[in-house]
Amino acid sequence: MIKLIARVSRYKSANRYPAHSTLPKTLLPIAACTPPPTSVFLSYQAGSSMDPLNLTPEALEKKKKKDEKAREKELKKQKAAQKAEAAKLQAQKVSSAPESGKKKNTKREAEVENPEDYNDPETPLGDKKRLSRQMAKTYKPSAVENSWYEWWEKSNFFVADPDSSKPPFVIVLPPPNVTGALHIGHALTAAIQDTIIRWRRMSGYNTLWVPGMDHAGIATQVVVEKKLMREMKLTRHDVGRENFVAEVWKWKNEYGGTILRQLRRLGASLDWSRECFTMDEKRSLAVTEAFVRLHKDGVIYRDLRLVNWDCVLRTAISDIEVDYIDIKERTPVRVPGYEKLVEFGVLTSFAYPLEEALGEIIVATTRVETMLGDTAIAVHPDDARYSHLHGKFAIHPFNGRKLPIVCDAVLVDMNFGTGAVKITPAHDPNDFEVGKRHNLEFINIFTDDGKINSNGGAEFAGMPRFEARVALTEALKKKGLYKGDKNNEMRLGICSRSNDVVEPLIKPQWYVNCKNMAREALDAVIDSTNPKMEIIPKQYVAEWKRWLENIRDWCISRQLWWGHRVPAWYAVLKDDELKELGVYNDHWVVARNEEEAKEKASRIFAGKTFDLYQDPDVLDTWFSSGLFPLSVLGWPDDTKDLRAFYSTSVLETGHDILFFWVARMVMLGMKLGGDVPFGKVYLHPMIRDAHGRKMSKSLGNVIDPLEVINGIELKGLHKRLEEGNLDQKELETAKEGQTKDFPDGIPECGSDALRFALVSYTAQSDKINLDIQRVVGYRQWCNKLWNAIRFAMTKLGEDYIPPEEITPATLPFSCKWILSALNKAISKTVVSLDSYEFSDAATAVYSWWQFQLCDVFIEVIKPYFAGNDPAYASERKHAQDTLWLCLDNGLRLLHPFMPFVTEELWQRLPSKKDSVRKESIVISEYPSAVESWNNDVVELEMDMIESVVKSLRSLRSQLAPNERYERRAAFVVCRTDDACHIIKKHELEVSTLATLSSLDVLSEKDDAPVGCILDVVNESLSTFLKLKGIVNVEAELEKLNKKMEELQKQCDGLKKKRSAPAYQEKVPVHIREVDEAKLASLLQELLSFKEAREHLERENKET
């Protein structure tokens, strides 16, 4: 029998399987068998007081007991000393010679070790970080992430140059609200955008990432109003507009912008020299200019229309500021300003008397109070029940107003309810359209603060609207017109800022005619011949189309005090009959300032006496935000920045504001800037908790990014809830949720781990179910990186100088393989980043670092460094050079995702001789694939090695727990010459990675090993791991049979597929060839399993 015996390595790898074994039995009884040393017997002089002959019997007994105790004590000491010595000898025996030598010195080294060598010296703010002499033994995010950002910012690494010859790459940060604090959505935005911008910066682009803040009209006004009430017991009306606005600016300068400071903590590489605010001087001029130009072009106009009205804030609000509650049945709801809960989800029926004694007509409504503004009743023209009432009138029971019976097939469904619908044109969107179609009267019955006005009649005037609802119901009952109520499913609109129930109200407002701009914005995306803009993911193109094809004109005025004042002045002429502001729509003058307004008014109203009053309203926040890509670059001025950086490269934001912000930026950018504001739009998913629930304070599942970065105890999470405005029941529910999800709080994860987790989550369609444990996992992975560099530094040595270049052909196998694998990782990462597949990019980088560099390469090169064996001198030098090259490229590859830890580790790497390395990894070159590194043959060989190692590890995992870490003899049976050649050539790699004591490579002709457990790797390879005792053949056969059943199912399925009637005609040739090869492989593998089973059965008979 011929055996190919593998060389047993003199090296015992210090890898993931530490060498542990039981203490040899020969050492165990030594202490018990050794006689006591002579020192135990006490010496004495004859005739002395200690002479036993001179002692009394009592003294002699006492002395005897004393001697026995001393002897026992000495024996215990001796036993302990000998056990310690035995353990020391055993530790030396099971470890490698060089490693054991190292362990001997560990204690001595620790004694002289200076702890300060592992602590970073204090770094003055803005200086380059001063690193400790020795790398800390474990990764600590707060230590690693300290000081770097201030140095980056002071060094102007993030500042773009409009005169640069580099191609520009520009992103505008979606401006967060000035009132805002960093939440997890901001963290996702920052992580993605910073990944993009850092990658492009390192790839040779003139990158610009513009930071800014939104003045957040309603949100900011609410915050300051609450502050005034809390501290001074005053409303904004008490202090007046001018003083109130001054208070808001004071608050903004003192507290606003916290979020931008927090973005630095995340490592966001924004160009802070271009920081802007939507209400700073330049942006305000841009807003005014846009309004004036659009008004001149007829795009902006003023009209009387229905708006979403907030009675608490006393302003119109945008659709995005309206949250909807789904109500299934009669439900009491708390409404601001009302002591009692208000019922919703109730459909009330009542009757209107008809003229000419025709009886009555019954209608139903969920808003009884609005009947005070009814001006008609609509029926379907084909409804025979009401044909006799066409052209007739109903009489309003509280004011005697005649209500025409109108026919409207658009609104009325004759099969729903009574088929008759009350019409309130001034307080319902559908009724508003009916009112226009039938030229009805529009009667507003509410004051701005939600009370019934004089149009509602003296009986109800001054009542808050929901109190009037109750009063009207009682009044209808008294008149005998009440017909009952029932549960009614409905959606209730709530203002997200004030929690007030939104009231549809007719108001004169400024509007933007969006029709033509929307058509251009739509074509920019869907034009198949010349698309100007791409939306990623493509699934949102349909939503873009739906929004823009059904767009309505945009209400841009708000009845607030904080915001851009509408640049329009109303001229009150001396001879006007009505003097109220805005009564005559043709009296408005739009201008850039009051002086220009006077000049224009003088021309329009030539020869007339007038006074000018600026519109008290402000513009919708979305109007200034819609101009942001233009205004941040200096528009309307022809600035260097505007010429160099418009249009921008990509907009990254959440898909929830695709219409409210993105579409408006595109419309205004094309109209005023002459081009789309960005070439691509990337829409990230919305973040939910680990259970898929929307994040809510009342559920206790809101995640503060800074708490993830810095860590927080459970009691700290509870305290944050207690400081909020939850009621007691909500607080208890929220605390229960936190206790369940974070029983031990949240450990310190750092910015790098949080960023990497968020970016890696982006593959999850339109929602991210964020599990903090995944972030914790990436924090642990950072520790893996840290240890990889620590290992490298010990192997490179202090005097190591990287080579100018490496010739792959001269490298050892493992070095060739890791460079080829690195090449593929680089290519995959770059392609994924370029196609905005951020999760794929993160996976490519992670997989290379974790599974190829750390798990394989670093382990497989350890024999080269064991004891400075001269036989490995060449391999050792090549391994050093390749290791340095991998770490340098790998850190630069990872940097856009994890900026802090990569900077710290990269700064510790040695530099090439006589070369000027970039000052920071931030401005270093991003890795690119090197053609000469590609080596498919080597990668295929490593695939085979790894499959064998995986199989052997699987066998090892089946051993008893106390045997799994012992080195074992192993055998690989090869069924092809190629496989035999490859495994034999790489015995050292297999032995090292599988932690073997020996490896025999056998062919099919050799006798199969006995006393082993076995596994079939594939059709060409089987592995055997030597056991100490007897093989449990029955258990092994059961495992093989299960695997054979699985293989047989695959074979049967493939055979069935290939035997289908239309298979040959319909399946492409290349697919048929793949199927044929796969079937052949499965059959061969099945054959290998059968041979393994026969071997076990024979072995069982022999034993």
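Structural data are supplied above this passage.
Residues numbered from 1 in each chain as written. Predicted model: local features only at pLDDT ≥ 70, side-chain atom pairs only at ≥ 80, totals over all residues. Heavy atoms only, no water.

Peer 1: How do you make sense of the sheet that holds strand 25 (residues 610-614) when you look at a structure like this?
Peer 2: The strands making up a sheet associate through hydrogen bonds between their backbones, and the pairing can be parallel or antiparallel. An order of 24-23-25 is seen for the three strands of this open sheet, with the pairing classed as antiparallel. In this open sheet, the two strands that pair with only one neighbour each are strand 24 (588-590) and strand 25. Each strand of the sheet is rotated relative to its neighbour by a mean of 30°, with strand direction disregarded. As paired elements, strand 23 (residues 568-573) and strand 24 share three bridges and run antiparallel to each other. Directly across from tryptophan 569, in strand 24, lies its bridge partner valine 589. Across the sheet, helix 16 (residues 594-604) lies against strand 23, strand 24 and strand 25, angled at about 140° from strand 25, the strand it touches most. (Pairing = 2+ DSSP bridges. Helix = DSSP H or I, 4+ residues; strand = E, 2+ residues; numbered from the N terminus. Axes fitted to C-alpha atoms, helices over the stretch in contact; angles between N-to-C directions. Contact = heavy atoms within 4.5 Å.)

Peer 1: In this structure, what is going on with the pattern of salt bridges? I would like to understand it.
Peer 2: Opposite charge on two side chains makes pairing possible when the charged atoms of those side chains draw close. Tallying each qualifying case throughout the model produces 65 salt bridges. Arginine 367 is the salt-bridge partner of glutamate 503, the closest N and O atoms lying 2.4 Å from each other. Note that glutamate 503 is positioned in strand 19 (residues 503-512) and arginine 367 in the loop between strand 12 (360-365) and strand 13 (376-379), a separation of 136 residues in sequence. Residue glutamate 503 shares its accessibility class with arginine 367, and that shared class is buried. In this structure, aspartate 620 and arginine 558 form a salt bridge, with 3.3 Å as the shortest nitrogen-oxygen distance. (Salt bridge = Lys/Arg side-chain N within 4 Å of Asp/Glu carboxyl O. Buried < 20%, exposed > 50% of the residue type's maximum accessible area, 1.4 Å probe, protein only.)

Peer 1: Where do I start with the state of the cysteines in this structure?
Peer 2: A disulfide bridge is the covalent bond that connects two cysteines by way of their sulfur atoms. Tallied over the full model, the rule gives zero disulfides. The closest cysteine sulfur to the non-disulfide-bonded cysteine 782 is located on cysteine 749, 9.5 Å from its own sulfur. Assessed through its relative accessible area of 0%, cysteine 782 is described here as buried. (Disulfide = S-S within 2.5 Å.)

Peer 1: When you look at the packing of aromatic side chains in this model, what are you seeing that I'm missing?
Peer 2: Think of a pair of aromatic rings as described by two things: how far the centres are apart, and how the planes are tilted against each other in angle. Inspection of every chain in the model, using the stated rule, returns 38 aromatic pairs. Measuring from centroid to centroid gives 5.5 Å for tryptophan 510 and tryptophan 588, while their planes differ by 75°, and the two rings are edge-to-face. Placement of the pair is tryptophan 510 in strand 19 and tryptophan 588 in strand 24, with a sequence separation of 78 residues. Of the two residues, tryptophan 510 and tryptophan 588, neither departs from the other in class, the shared state being buried. Between tryptophan 554 and phenylalanine 623, the ring centres sit 6.0 Å apart and the planes meet at 50°, which makes this aromatic pair tilted. Linking tryptophan 554 in strand 21 (residues 554-555) with phenylalanine 623 in helix 17 (residues 621-626), this pair joins segments that are 69 residues apart in sequence. Overall, phenylalanine 623 belongs to the buried group, its relative accessible area being 0%. What links up through ring pairs into an aromatic cluster is the set Phe756, Tyr778, Trp781, Tyr846, Phe851 and Phe897. Seen from the ring of tryptophan 272, arginine 264 lies directly overhead, with NZ or CZ sitting 3.7 Å from the centre. (Phe/Tyr/Trp six-rings, centres within 6.5 Å; stacked < 30°, edge-to-face > 60°. Lys NZ or Arg CZ within 6 Å of the ring centre and 35° of its normal.)

Peer 1: Looking at this model, I keep getting lost on the environment of glutamate 459. Mind explaining?
Peer 2: Structurally, glutamate 459 can be placed in the loop between helix 12 (429-437) and helix 13 (465-478). Overall, the relative accessible area of 52% leaves glutamate 459 in the exposed class. A C-alpha to C-alpha distance of 9.9 Å links glutamate 459 and asparagine 399, two positions 60 residues apart in sequence. If we ignore the near neighbours within four places in the chain, the residues touching glutamate 459 are Phe398 and Ala475.

Peer 1: Any chance you could explain the nonpolar core here in plain terms?
Peer 2: Generally speaking, nonpolar side chains in soluble globular proteins are found buried as a group. In this structure, Leu770, Trp849 and Phe897 are the most contacted members of the largest nonpolar core, which totals 158 residues. At 13 residues, the largest contribution of residues to this core is made by helix 25 (residues 772-796). Residue contacts for tryptophan 849: discarding those within four places in its chain leaves Trp781, Leu785, Cys854, Leu887, Gly890, Leu891 and Leu894. Ranked by size, the runner-up nonpolar core spans 67 residues in total, among them Val210, Leu294, Val632 and Trp635. (Core = buried A, V, L, I, M, F, W, Y, C linked by side-chain atoms within 4.5 Å.)

The values are spatial; any link to function lies outside them.
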